[in-house]
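Here's the letter readout for the chains.
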Amino acid sequence: MPIIFIGFVLFVAGGDQVFPGAVGKASTQTRTTVNNFFIGLFPTWKPKTNPYERTERKLREVEEKK
């Protein structure tokens with residue numbers, strides 16, 4: 001089992017540079033799919049609130065008083 005895993009990792013990591021033709025393309029496609037899978041596990045964080053809202057409001061109040 002460890003040999004299969006190591007072989008898979010090597011295939012994904014550098015198969016497109018080592019193997020010609022369709023096998024190299026399969027390695028590139030596999031790497032792209034694995035990358036997109038792991039990127040999809042961590043969605044983009046978007047804050048629900050505006051963290052600078054209070055500061056901007058206070059700055060506007062100070063400028064209006066001048």
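Residues numbered from 1 in each chain as written. Predicted model: local features only at pLDDT ≥ 70, side-chain atom pairs only at ≥ 80, totals over all residues. Heavy atoms only, no water.

Draft legend 1. View of the overall build of the chain. Helices and strands together make up the secondary structure of the chain, namely 3 helices and 0 strands. For the chain, the succession of helices and strands along the chain, N to C, is α-α-α. Here the chain has a C-alpha radius of gyration of 25 Å; the compact-globule value for 66 residues is 11 Å, and the former is much larger. Considering only C-alpha atoms, the chain reaches an extent of 70 × 25 × 15 Å along its principal axes. By the burial criterion, 8% of the 66 residues in the chain qualify as buried. Surface summary for the chain: the accessible area is close to 6400 Å², and the carbon and sulfur share equals 65%. (Helix = DSSP H or I, 4+ residues; strand = E, 2+ residues; numbered from the N terminus. Rg over C-alpha atoms; globule rule 2.2 N^0.38 Å. Buried < 20%, exposed > 50% of the residue type's maximum accessible area, 1.4 Å probe, protein only. Areas by Shrake-Rupley, 256 points an atom, 1.4 Å probe, with all protein chains shown as cover.)

Draft legend 2. View of a nonpolar patch on the surface. Together, Phe5, Ile6, Phe8, Val9 and Leu10 give the surface a local cluster of nonpolar side chains, amounting to about 510 Å² of exposed area. Structurally, Phe5 can be placed in helix α1 (residues 2-18). (Patch = residues over 30% accessible without salt bridge, like charges linked within 9 Å, V, L, I, M, F, W, Y side chains within 5 Å. Salt bridge = Lys/Arg side-chain N within 4 Å of Asp/Glu carboxyl O.)

Draft legend 3. The confidence of the model for the chain, seen in detail. Considering every residue of the chain, the mean pLDDT works out to 83; 97% of them sit at 70 or more. Mean pLDDT values for the elements of the chain range from 80 in α1 up to 89 in helix α3 (residues 53-65). (pLDDT = per-residue confidence, 0-100.)

Draft legend 4. Fine view of the pattern of salt bridges. Evaluated as defined, the whole model comprises 1 salt bridge. Lys58 is the salt-bridge partner of Glu61, the closest N and O atoms lying 3.9 Å from each other. Separated by 3 residues within a single helix, Glu61 and Lys58 lie in helix α3, roughly one turn from each other.

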